[in-house]
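Listed below are the residues making up each chain.
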Amino acid sequence: MHEVTLHSPRTLQELATSGVPEELSGRDGRNRAKDVCPQITAQTDLDAIGVWLNEFPQGGSTRRSYLKEVQRFYAWVLAYARKPMSSLTREDLSAYQAFMRKPPSEWCAPRSTRKESGHWQPFEGPLSPSSQAHAVTVLNALFTYLVGVNYLAGNPLAAVRGKRRGIPKPGKLPKFIPLHTFERLLEALQSECERLNGLGQEHVELERMLMVVRVLANTGLRREELANALLGDLYPERDIISGADFWFLTVTGKGDKIEPVAVNPAALAAIRRYLRVAGVDPDKADPLTPLVLKLRVHGIAAGLAKPTTDQTIYNIVRKALSIGADILLGDHPDEARILRSATPHWFRHTFTTIMSQLGTPLPLIQHQLRHESIATTAIYTHSEKHELYRAVAKLTL
């Protein structure tokens, strides 16, 4: 294998512009599927990678994460493996795994430096074991897809397929916020909203935080789903038994699946309250009004506003958690520590755990979260652990 350590890594966009040498393009890769009907029109490895990436929504966190991993992997393929991606073997992939543990210094730079200079370097430094595992998971997904569409004959990572990392290992349960801690977080945010009432932009920002926190916790939505949600995606259905209106939100989830998510009265009230504070009448506003508005967007302008991003939702939640932790620190230091450790994805785990503890059947929780496998939902519930304790607690030996 020829190492070209001085070869500058190129982004996929740069490669699409400048081109890949024909001998590395993959048109005649040794692992290309033969005598089968291809399901994609890609003729080169670079085009095939592009087709795979386009399976994920533009601007979504999954696509960004996958782009980052496959971009630096393909840069390594061209500079170090010096063969088409469609000719790689299991040994080549082992070499890349070793490379991730110790990338050369000229391929590394702090994230801030890379942004300022505009010069792309694939790594900040050696990848941690968890980051290496994530990279392998992403590459396995890429190769599995390319085999499935008859672009590749086989997956060079197939030997490690059994080490699935998409579901947490037993004993490593997802983190969640206990109900009493979450209630204190809501009380803290509500008190801040009351304190800032009438103070313009500061008040609107706090109300937005409170709404985002309430909606994520009451629905189990992913943050990109909330970021893209529009007022027109909310709709009621009349329940013939109770005569009440049941509200739902149409979301586009993973794999571009369009599905309804139940929106309970607490989440609906939070949305309506926030929009009114932002100068939007939820009953008369344009259906294209985003549920989460950018700051300084008010009134009629909301109907022309573009949806925010999942990164904005992330930042909103982190700031809300920080404010809550500051308020709770004096009287409830342990709960403040929980909030400081929490991430937005904990809200999805919190929703699942509390719903399970309230006795909601697991298939209903799975449907709301839109998990492919009920086994994934079961891991998030913590219910079996509590049932085990209750059983053992009956002993009085």
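Placed above this text is the structure.
From a predicted model like this one, the values you see are computed outputs, not experimental measurements.

Asks: Help me understand the overall build of the protein chain in this model?
Replies: Helices and strands together make up the secondary structure of the protein chain, namely 16 helices and 3 strands. Expressed as a percentage of its 397 residues, the buried residues of the protein chain come to 44%. Of the contacts made within the protein chain by residues no fewer than 6 positions apart, 61% connect residues no fewer than 24 positions apart. Total accessible area on the protein chain stands at roughly 21,300 Å², and carbon and sulfur atoms take up 54% of it.

Asks: Got a minute to help me understand the packing of aromatic side chains in this structure?
Replies: Each pair of aromatic rings is reported with the distance of its centres and the angle of its planes. All chains considered together, the criterion is met by 13 aromatic pairs. Cluster of aromatic residues (ring-pair linked, three or more members): Phe73, Trp76, Tyr80, Tyr96, Phe99, Trp107, Phe123 and Phe143.

Asks: Help me understand the pairing of strand E3 (residues 258-263), please; the structure alone is not making it clear to me.
Replies: Moving residue by residue along a regular strand, the side chains alternate between the two faces of the sheet. One ladder, built from 6 bridges, connects strand E2 (residues 245-252) with E3; its direction is antiparallel. Counted as the bridge partner of threonine 250 is proline 260 from E3. Taking the residues between adjacent antiparallel strands as the criterion, E2 and E3 are bridged by 5 residues, where glycine 255 takes a positive phi near 70°.

Asks: Help me understand the nonpolar core in this model?
Replies: If you look at soluble globular proteins, the nonpolar side chains tend to sit buried side by side. Residues Val212, Ile313 and Phe347 are the most contacted members of the largest nonpolar core, which totals 53 residues. For this core, the element with the most residues is helix H8 (residues 201-219), which contributes 10 residues. Apart from residues no more than four positions distant in its own chain, phenylalanine 347 is found in contact with Ile177, Phe182, Leu185, Val213, Leu216, Ala217, Val317 and Leu321.

Asks: Honestly, the sheet that holds E2 in this entry has me stumped. Any pointers?
Replies: Whenever strands of a sheet pair, they do so through backbone hydrogen bonds, lying parallel or antiparallel. Pairing in this open sheet of 3 strands is antiparallel, and the strands run E1-E2-E3 from one edge to the other. Single-partner strands in this sheet number two, and they are strand E1 (234-238) and E3. Shown here is a sheet whose adjacent strand axes are inclined to one another by a mean of 40°, direction ignored.

Asks: Whenever I open this one, the pattern of salt bridges confuses me. Can you help?
Replies: Between side chains of opposite charge, a pair can form as their charged atoms come close. With the rule as written, the count across this model stands at 16 salt bridges. Across the pair glutamate 69 and arginine 72 runs a salt bridge whose closest N-O atoms are separated by 3.1 Å. Highlighted residues: glutamate 69 and arginine 72, both in helix H3 (residues 61-81), separated by 3 residues, approximately one helical turn. Exposure remark for glutamate 69: the relative accessible area of 3% places this residue in the buried category. When the shortest N-O distance is used, the salt bridge between arginine 238 and aspartate 245 registers 2.7 Å. Looking at arginine 238, the relative accessible area reads 56%, which means it is exposed. Via salt bridges that share partners, Arg64, Arg223 and Asp310 belong to a single interconnected network.

Asks: Would you mind going over the pairing of E1 with me for this structure?
Replies: Of the pairings in the sheet, the one linking E1 to E2 comprises 5 bridges and is antiparallel in character. Across the sheet, residue leucine 234 finds its bridge partner in E2, namely leucine 249. Turn length for the E1-E2 hairpin, with the two strands adjacent in sequence and antiparallel, is 6 residues, and the turn residue glycine 243 shows positive phi of about 80°.

Asks: Just checking my understanding: could you explain unusual backbone geometry for this structure?
Replies: Most peptide bonds are trans, and most residues other than glycine sit at a negative phi. The phi angle at aspartate 35 is positive, at roughly 60°, despite the residue not being glycine. Structurally, the position occupied by aspartate 35 is in the loop between helix H1 (12-18) and helix H2 (45-53). One non-glycine residue, arginine 82, lies in the positive phi region at around 55°. Along the chain, the position of arginine 82 falls in the loop between H3 and helix H4 (90-101). Looking at arginine 82, the relative accessible area reads 35%, which means it is partly exposed.

Asks: What is the right way to look at the side chain of arginine 348 in this model?
Replies: By the secondary structure assignment, arginine 348 is in helix H13 (residues 345-357). The side chain of arginine 348 sits in the buried core without any salt bridge; glutamate 225 is the nearest counter-charge, 4.9 Å away. In contact with arginine 348, other than residues within four places in its own chain, are Gly220, Leu221, Arg222, Leu369, Arg370 and His371.

Asks: Sorry, what's going on with the packing of helix H11 (residues 310-328) against helix H12 (residues 333-341) here?
Replies: A packed helix pair is summarised by two numbers, namely the angle formed by the two axes and the spacing between the axes. Between H11 and H12, whose axes approach to 8 Å, the crossing angle comes to 165°. Compared by their axis directions, H11 and H12 come out roughly antiparallel. When you trace H11 past H12, the crossing you get is left-handed. Contacts between H11 and H12 involve Arg318, Leu321, Ser322, Gly324, Ala325, Asp326 and Leu328 from the former and Pro333, Glu335, Ala336, Leu339, Arg340 and Ser341 from the latter. Its residues assigned to classes, the contact of H11 with H12 comprises 6 nonpolar, 3 polar and 4 charged.

Asks: Would you mind going over the packing of helix H7 (residues 179-195) against H11 with me for this structure?
Replies: The interhelical angle for the contact between H7 and H11, taken along N-to-C directions, is 95°, at an axis separation of 9 Å. With respect to H11, the element H7 is oriented roughly perpendicular. For the pair formed by H7 and H11, the contact residues are Arg184, Leu185, Ala188, Leu189 and Glu192 on the first element and Ala320, Leu321, Ile323, Gly324, Ile327 and Leu328 on the second. Class assignment of the residues belonging to the contact of H7 with H11 gives a composition of 8 nonpolar, 1 polar and 2 charged.

Asks: What exactly am I supposed to notice about the environment of arginine 208 here?
Replies: By the element assignment, arginine 208 lies in helix H8. By relative accessible area, arginine 208 is classed as buried at 7%. Between the C-alpha atom of arginine 208 and that of cysteine 193, which follows or precedes it by 15 residues, the distance is 9.7 Å. Each residue touching arginine 208, except ones within four places of it in the same chain, is listed here: Tyr274, Val292, Leu293, Lys294, Leu295, Thr312 and Ile316.

Cut-offs and rules
Residues numbered from 1 in each chain as written. Predicted model: local features only at pLDDT ≥ 70, side-chain atom pairs only at ≥ 80, totals over all residues. Heavy atoms only, no water. Helix = DSSP H or I, 4+ residues; strand = E, 2+ residues; numbered from the N terminus. Buried < 20%, exposed > 50% of the residue type's maximum accessible area, 1.4 Å probe, protein only. Contact = heavy atoms within 4.5 Å. Areas by Shrake-Rupley, 256 points an atom, 1.4 Å probe, with all protein chains shown as cover. Phe/Tyr/Trp six-rings, centres within 6.5 Å; stacked < 30°, edge-to-face > 60°. Pairing = 2+ DSSP bridges. Core = buried A, V, L, I, M, F, W, Y, C linked by side-chain atoms within 4.5 Å. Axes fitted to C-alpha atoms, helices over the stretch in contact; angles between N-to-C directions. Salt bridge = Lys/Arg side-chain N within 4 Å of Asp/Glu carboxyl O. Lys, Arg positive; Asp, Glu negative; His and termini not counted. Parallel < 35°, antiparallel > 145°, perpendicular 65-115°, else oblique. Left-handed = near helix turned anticlockwise from the far one by under 90°. Nonpolar A, V, L, I, M, F, W, Y, C, P; charged D, E, K, R; others polar.

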